[in-house]
Amino acid sequence: MIPSTAPAHALRAVTNAYIADVKQGNLHSALGHMTLLADAYGLSAVRDLAAELACDLHARCPTRFRNPLGGVNISALAPARTADPLTVLDVAARASQMMGRGRVTASDLAHTEVQMHVTEDVRRIVQAALNTAAHGREPVTAHLAALATPQQLSAAVALLTNGLVVLP
């Protein structure tokens, strides 16, 4: 396991603020919290944020979104999307709108397509982490240790965030 450099109380405070912003639809602010955490404590702190989100998702998830093992079924909460041109355009446009930007550029489309592929690549790791969430944050963090790049960690946080948005 890769230990975090973020103090537990700071990590919990950022996680709570992140979830509150997401629930209020303020994604720009939520991303700001994640960025501040990464800037202050490094990528391992973003991994720990993902672990905290996984544990929160596990604690709040209704039975209908669980798999036979009792873990959260991330595909039920955040279904996979194919990276066909129309879907990439739709996702890029929504992201641009949520971030308060104007038109979607060719660069936005290329970045969105890459990120969609990365998201699907990390889905199985996030699912494995969620399957261990009942045992606490340490086993979740151990599974998420396989995620090393900012894109992978961002994709994991996005999948978990999508799951939290669906829940009541």
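Preceding this paragraph is the structure being described.
Keep in mind that what you see is a predicted model, and the values were worked out from it rather than measured.

Caption draft 1: Representation of the overall build of the protein within the structure. When helices and strands are tallied, the protein shows 8 helices and 0 strands. Counting from the amino terminus, helix and strand elements in the protein follow one another as α-α-α-α-α-α-α-α. Computed over the C-alpha atoms, the radius of gyration of the protein is 15 Å, within 12% of the 15 Å expected from 2.2 N^0.38 for a compact globule of 168 residues. If you line up the protein on its principal axes, its C-alpha atoms span 45 × 40 × 30 Å.

Caption draft 2: Focus on helix α2 (residues 27-41). With 15 residues, α2 should cover 21 Å at 1.5 Å per step; its first-to-last C-alpha distance of 21 Å lies within 8% of that length. Among all positions of α2, only Ala-30, Met-34 and Leu-37 are buried. The buried residues of α2 all sit within an arc of 60 degrees when viewed along its axis, so they share a single face. Along α2, exposed side chains directed more than 90 degrees from the buried face belong to Leu-36, Asp-39 and Ala-40. Contacts from the buried residues of α2 go to α1 (8-23), α3 (43-60) and α8 (150-166). At the C-terminal side of α2, Gly-42 shows a positive phi close to 90 degrees.

Caption draft 3: Region of interest: the side chain of Gln-115. Of note, Gln-115 is situated in helix α6 (residues 106-131). For Gln-115, the side chain forms a polar contact with the main-chain oxygen of Gln-151, separated by 3.0 Å. If near-sequence neighbours (up to four positions away) are discounted, Gln-115 is found in contact with Gln-151, Ser-154 and Ala-155.

Caption draft 4: Structural detail: the packing of α3 against helix α7 (residues 137-144). Interaxial distance between α3 and α7 falls to 9 Å at its minimum, and their mutual angle equals 130 degrees. On the basis of the axis angle, α3 is oblique to α7. Helix-helix and strand crossings are classified by hand; for α3 and α7 the assignment is right-handed. Here Arg-47, Asp-48, Ala-50, Ala-51, Glu-52, Ala-54 and Cys-55 of α3 come into contact with α7, specifically with Arg-137, Val-140, Thr-141 and Leu-144. Classifying every residue of the contact of α3 with α7 gives 6 nonpolar, 1 polar and 4 charged.

Caption draft 5: Main features of α6. Over its 26 residues, α6 runs 38 Å from end to end, which matches the ideal 38 Å to within 8%, given 1.5 Å per residue. At Val-122, α6 shows its strongest bend, of approximately 40 degrees.

Caption draft 6: Fine view of the pattern of salt bridges. Applying the stated rule across the entire model yields 5 salt bridges. The closest approach of N and O atoms between Arg-12 and Glu-52, which form a salt bridge, is 2.4 Å. A residue pair is termed long-range when its members are at least 10 positions apart, and Arg-12 in helix α1 and Glu-52 in helix α3 qualify at 40 residues. Residue classification places Arg-12 among the partly exposed positions, given a relative accessible area of 26%.

Caption draft 7: Looking closely at the nonpolar core. With 42 residues, the main nonpolar core has Leu-53, Leu-57, Leu-130, Val-140, Leu-144 and Leu-160 as its most contacted residues. Listing elements by their share of this core, those giving two or more residues are α1, α2, α3, α4 (74-77), α6, α7 and α8. Here the element with the most residues in this core is α3; it accounts for 9 residues. The residues touching Leu-53, leaving out its near neighbours within four places in the chain, are Thr-15, Tyr-18, Ile-19, Val-157, Leu-160, Thr-161 and Leu-164.

Cut-offs and rules
Residues numbered from 1 in each chain as written. Predicted model: local features only at pLDDT ≥ 70, side-chain atom pairs only at ≥ 80, totals over all residues. Heavy atoms only, no water. Helix = DSSP H or I, 4+ residues; strand = E, 2+ residues; numbered from the N terminus. Rg over C-alpha atoms; globule rule 2.2 N^0.38 Å. Expected span 1.5 Å × (residues − 1). Buried < 20%, exposed > 50% of the residue type's maximum accessible area, 1.4 Å probe, protein only. Arc of directions from axis to C-beta. Contact = heavy atoms within 4.5 Å. Polar contact = N/O pair within 3.5 Å; in protein donor to acceptor, adjacent residues only side chain to side chain. Axes fitted to C-alpha atoms, helices over the stretch in contact; angles between N-to-C directions. Parallel < 35°, antiparallel > 145°, perpendicular 65-115°, else oblique. Left-handed = near helix turned anticlockwise from the far one by under 90°. Nonpolar A, V, L, I, M, F, W, Y, C, P; charged D, E, K, R; others polar. Bend = angle between axes of the 7 residues up to and from the residue. Salt bridge = Lys/Arg side-chain N within 4 Å of Asp/Glu carboxyl O. Core = buried A, V, L, I, M, F, W, Y, C linked by side-chain atoms within 4.5 Å.

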